[in-house]
Amino acid sequence: MRIGELATRAGTTTRTLRYYESRGLLPARRGDNGYRTYDESDLKLLRQIRTLQDFGFDLEETRPFVECLRAGHPEGDTCPASLAVYRRKLDELDALIGELRAVRAKIGLRLAMAEGEPPLCELGGQEL
């Protein structure tokens, strides 16, 4: 298929596909007529990239998954490098969740103080 059809089927733009190609994530094959040509495996690569980006992965973090698919694995997340990226992302998310919980606690305390309620001890519900 040509670049326009691939873009349509993947739900993206030809500009995005060219960018992925320039970053080495999408193969740069050309037909005899000079047009870019793609196949179903390229569509699978794009779907993997888009899914990961929807989860918050940046483009470079998708590379191990793409390489795993290119190596012939049925899924992009079955290779050790992909699993390592998953682990790093989970660690990042856990850290962010911890930060958000701390901020939430501070805001909750400020709200309680602003509303004139005595602050409660987290352990026993007693006033501080």
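Residues numbered from 1 in each chain as written. Predicted model: local features only at pLDDT ≥ 70, side-chain atom pairs only at ≥ 80, totals over all residues. Heavy atoms only, no water.

Where an unreviewed UniProt entry is consulted, the chain appears under the name MerR family transcriptional regulator, with the organism given as Streptomyces shaanxiensis.

Draft legend 1. Representation of the packing of aromatic side chains. All told, the structure shown has 3 aromatic pairs when counted by the stated rule. Between phenylalanine 57 and phenylalanine 65, the ring centres sit 6.1 Å apart and the planes meet at 85°, which makes this aromatic pair edge-to-face. In this pair, the class of phenylalanine 57 matches that of phenylalanine 65, namely buried. Centre to centre, the rings of phenylalanine 57 and tyrosine 86 are 6.2 Å apart; their planes meet at 70°, and the pair counts as edge-to-face. Remark: tyrosine 86 occurs in helix 5 (residues 80-114) and phenylalanine 57 occurs in the loop between helix 3 (40-54) and helix 4 (63-70); sequence separation between them is 29 residues. Taking relative accessible area as the criterion, phenylalanine 57 reaches 7% and is therefore assigned buried. Residue classification places tyrosine 86 among the partly exposed positions, given a relative accessible area of 26%. Joined through ring pairs, the aromatic side chains of Phe57, Phe65 and Tyr86 make up one cluster. One cation-aromatic arrangement involves arginine 2 over tyrosine 35; the distance from NZ or CZ to the ring centre is 3.9 Å. (Phe/Tyr/Trp six-rings, centres within 6.5 Å; stacked < 30°, edge-to-face > 60°. Buried < 20%, exposed > 50% of the residue type's maximum accessible area, 1.4 Å probe, protein only. Helix = DSSP H or I, 4+ residues; strand = E, 2+ residues; numbered from the N terminus. Lys NZ or Arg CZ within 6 Å of the ring centre and 35° of its normal.)

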